[in-house]
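Here is how the chains run, residue by residue.
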Amino acid sequence: MAKLTAKQRANLEPKDFGLPEKARTEDARKETGNYPMPDRGHAISAKRLSKLEKERGNLTKDELDRINRKADKILKDD
């Protein structure tokens, strides 16, 4: 998995995030909690991190499910 710089992350489209509604603006895309998934490595990471955040109470079941569905689709396409 290649590391995303803040500039690269800001230049991603909202559709490339696990929670696109939290990534609508360039500034919002730089923040944590919206799970960028431009490639396979980031999709795996998003699944792992979102599970941890759900356990910590920072994500709802619906948000976790949406992130997992999107990550699974990316992983299936590879």
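Residues numbered from 1 in each chain as written. Predicted model: local features only at pLDDT ≥ 70, side-chain atom pairs only at ≥ 80, totals over all residues. Heavy atoms only, no water.

J.: Whenever I open this one, the pattern of salt bridges confuses me. Can you help?
T.: A side chain of one charge can pair with a side chain of the opposite charge if their charged atoms are brought near each other. The tally for this structure, following the rule as stated, stands at seven salt bridges. For the salt bridge of Asp16 with Lys15, the shortest nitrogen-to-oxygen distance reads 3.6 Å. What makes Lys15 exposed here is its relative accessible area of 57%. The salt bridge partner of Lys22 is Glu63, with a shortest N-O separation of 3.7 Å. One end of the pair, Lys22, is in the loop between helix H1 (6-11) and helix H2 (26-30); the other, Glu63, is in helix H4 (residues 61-77), and 41 residues separate them in sequence. You can call Lys22 partly exposed: its relative accessible area is 38%. Owing to a relative accessible area of 14%, Glu63 belongs among the buried residues under this scheme. (Salt bridge = Lys/Arg side-chain N within 4 Å of Asp/Glu carboxyl O. Buried < 20%, exposed > 50% of the residue type's maximum accessible area, 1.4 Å probe, protein only. Helix = DSSP H or I, 4+ residues; strand = E, 2+ residues; numbered from the N terminus.)

J.: How should the nonpolar core be read in this particular structure?
T.: The nonpolar side chains of a soluble globular protein tend to be buried, and buried together. Counting nine residues, the largest nonpolar core consists of Leu19, Tyr35, Met37, Ala43, Ala46, Leu59, Ile67, Ala71 and Ile74. Elements that contribute at least two residues to this core include exactly helix H3 (40-56) and H4. Apart from residues no more than four positions distant in its own chain, Ala71 is found in contact with Met37, Ala43 and Lys47. (Core = buried A, V, L, I, M, F, W, Y, C linked by side-chain atoms within 4.5 Å. Contact = heavy atoms within 4.5 Å.)

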